[in-house]
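Below are the chains, spelled out letter by letter.
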Amino acid sequence: MRLVVCLKQAEEAVFVRWSPPFASFTRRYADPTGLAALEHALRLAAGAAQVVALTVGPPDAERVLAKAAMMGVERAVRVWGERLAGADSLAVAMVLAAAARRLDGDLLLLGARSSDTGTEAVGAAVAELLDLPLVTRVVGIERDADGARLLVHRKLPRGERETHRVPCPAVVTIDPGGDEPRYCAPGWMRRTRRLAVETLRPEELGVADGEPRLVVLEVAPPRPRAKVGVQVAGLSLKDKLAVMRGGRKQDSAEERIIEAPAPQAARRLKAALERLLAARS
Amino acid sequence: MAAPTGGEVWSYLETVEEDLHETAAQAAAEARRVARLLEGRACGVIAGTPQRRLLEDLAPFGLERIFALGRAPGPPPSVEQLGRALAAVAARRAPRLLLFAATPLGCEVAARVAARLRRGLISECVDFARDGDGLAARRSVGGGRAHATVAWCGAPPWVATVSLDALEAVRAGPGDVAEVVAEEADFGAARTELVRRWRVEPRDLDLSEARVVVGIGKPILQRPADLAIVAEVAERLGAALGGSRVVVDGGLLPRERQVGASGKWLAADVYLACGISGSSYHMMGVKAVKHLLAVNLDRGAPIFQRAELGVVGDLFEVLPELRALLAPDPAAGGSGR
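Calculation rules
- Residues numbered from 1 in each chain as written.
- Chains lettered and ligands numbered in written order.
- Predicted model: local features only at pLDDT ≥ 70, side-chain atom pairs only at ≥ 80, totals over all residues.
- Heavy atoms only, no water.
- Pairing = 2+ DSSP bridges.
- Helix = DSSP H or I, 4+ residues; strand = E, 2+ residues; numbered from the N terminus.
- Contact = heavy atoms within 4.5 Å.
- Axes fitted to C-alpha atoms, helices over the stretch in contact; angles between N-to-C directions.
- Domains from an automatic or database assignment.
- 1 Å grid on protein atoms, 1.4 Å probe; cavity = no way out; pocket = protein on both sides within 12 Å on 5 of 7 lines; lining within 4 Å.
- Points joined across faces, edges and corners; volume = space filled by probe spheres on them.
- Nonpolar A, V, L, I, M, F, W, Y, C, P; charged D, E, K, R; others polar.

This part takes up the sheet that holds strand β16 (residues 291–296) of chain B. Taken together, six strands build an open sheet; the order of strands is β13(A)-β17(B)-β16(B)-β15(B)-β13(B)-β14(B) and the sheet is parallel. Looking at the sheet topology across the chains shown, the edges are occupied by β13 (257–258) of chain A together with β14 (240–243) of chain B. Across five bridges, strand β13 (residues 212–216) of chain B lies against strand β15 (residues 270–274) of chain B in parallel orientation. From the neighbouring strand, I216 of chain B faces β15 of chain B, where its bridge partner is C274 of chain B. Of the strands in this sheet, β13, β14 and β15 of chain B touch helix α5 (residues 227–237) of chain B, which is tilted by about 170° from β13 of chain B. Contacts from helix α9 (residues 315–325) of chain B reach β13, β15, β16 and β17 (309–312) of chain B, with the element oriented near 135° to β15 of chain B.

All right, on to the domain arrangement of chain A then. Examined at the domain level, chain A breaks down into domain 1 (2–205) and domain 2 (237–280). One C-alpha centre belongs to domain 1 of chain A, the other to domain 2 of chain A; they are set 42 Å apart.

Scanning all chains against the criterion turns up three cavities of 30 Å³ or more. For the largest cavity, the calculated volume is near 50 Å³. In terms of lining, the largest cavity is formed by A112, E120, A121, G123, A124, T136 and T173 of chain A together with P104, C107 and E108 of chain B. Secondary-structure elements contributing two or more residues to the lining of the largest cavity are α4 (122–130) of chain A together with α4 (104–117) of chain B. With three residues, the single largest contributor to the lining of the largest cavity is α4 of chain B. For the lining of the largest cavity, the per-class residue count stands at five nonpolar, three polar and two charged.

Residue placement: E80 of chain B occurs in helix α3 (residues 79–93). Not counting the four nearest positions on each side in its chain, E80 of chain B is found in contact with R112, A189, A190 and R191 of chain B.

For sheets, the rule is that strands pair by backbone hydrogen bonds, running either parallel or antiparallel. Pairing is mixed in the open sheet, where ten strands are placed in the order β11(A)-β5(A)-β4(A)-β1(A)-β6(A)-β10(A)-β7(A)-β8(A)-β9(A)-β12(B). Of all the strands in the sheet, just β11 (197–200) of chain A together with β12 (193–199) of chain B have a single pairing partner and so form its edges. This sheet shows a mean twist of 30° between the axes of neighbouring strands, independent of strand direction. Packing of helix α1 (residues 32–45) of chain A onto the sheet brings it into contact with β1 (2–7), β4 (50–56), β6 (107–111), β7 (134–143), β8 (150–155) and β10 (170–174) of chain A, and relative to β1 of chain A it is tilted by some 170°.

Put into structure tokens, the structure is as follows:
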């Protein structure tokens, strides 16, 4: 059995100055959802199956593969071409699908949603391109009793869960709410020395993607969409933002904070809790 | 090569066992909003034949047509089957834009349809705007510190998922029931088999996932036996129990029950903080909480700055009273559910 795990080097803006002189600092790191997927793969393999780390990114993304090697991966592949800079989720999925086909894995694992762009689209697109069964937002994988298929547990909002039976080969996307990635001691860096990263270009994989499908027009400071059904006139900036984001204006301290004997205070609390819980469902 | 204005904007109307999903009305309203931008027609697309009652529920949101993907009676289609059928119908009828609410299902179907049709997908859109003859969407990038305006190039249908925070069920006024257009669709076979559905009890739910959380602070270390009272209040509210770092370090709660920057980051609707003063590290972990209620002895505690309702008092007096007021069985109405 061979497990292929797709990892991503995420990029996060740590600081942006929007007025001249414009400046921004970004931080690159191994996307934790990808590492969660790797953790699931390593546990499922349990030393008996090969785990391959696969990433799409520039040479710097090999740091993510080094991290994977520290966690126990023995083979790593990186694919990159200049045209992939700023590529949309489908372009990345095409490259991953082609590489996964070449690696011929029995199970392909991806993070469900990266922490930087979070499109939640790559895994499903890869499954579609490879024409394989897919289960998304997985928090647990085990072998079925027959040994050939897998039982995967899927996490849905509000504590809802589903268990699916999937034949291999298959694709799963991993929700980071499951087990945490194993601890890596700094001394384990020596494991990365043995790792020879195979580098490939999209053309070598036979990926022929045509014209770009999306174009970025502008990057600006974030602002939430103004809600239509709320009144914001006459509110302070802080309250306006709170209301536009779907919250509510904060009452004054006199209204909000009560000093009363315990029974009275408990009644107020109960009324507030009941109102909030009823509004929620 | 943008297409001319006009055309149809389709919103996928998610259903749960013959009923509309809570995002369906919002998705319908969004279709109308974007259709007005594009001077096109707002349409919905739904799996199966919608019942009259369901169409009436959707009437105020201004959809002109609803495409019903016909399917054989039986278990509801899997997401894979849905993507297959929707892609085939979209390829045939060529709408301008396909919208999905960014639910787990919506995200997956959108990605599947976009991959099948080889069309551009913009995920988690916050807003839309006209871009010449075409359309642009605004979405968060770089971990949320910026918004990028992205436009589709190439032929429609374009695909988008809309952030759940941005969606709003705006009513267009009392409208007529949408015209239903039955569409033949090949759903194909499902390759994954749903074995069972289950749910995690609220109190076992991970803190980052729980909708209601009760947090306990330092004072409990003086009276560890009273943790049972707090746990019972949490139980009766259908809430998960968490604690501040001091409580976890004190060994009263396991590490995964710690709320704050070095513990779990909550995404709860309601957080009841008992005996928690609200250090900055704790408050980082509760930043995303929608409604915060607090019980604390010290009126000057920072937690009261953020609290929607704050009680200045001793938690060992207030919580037993609250426990008595809440019905023992959450289903019996004590939690209002």
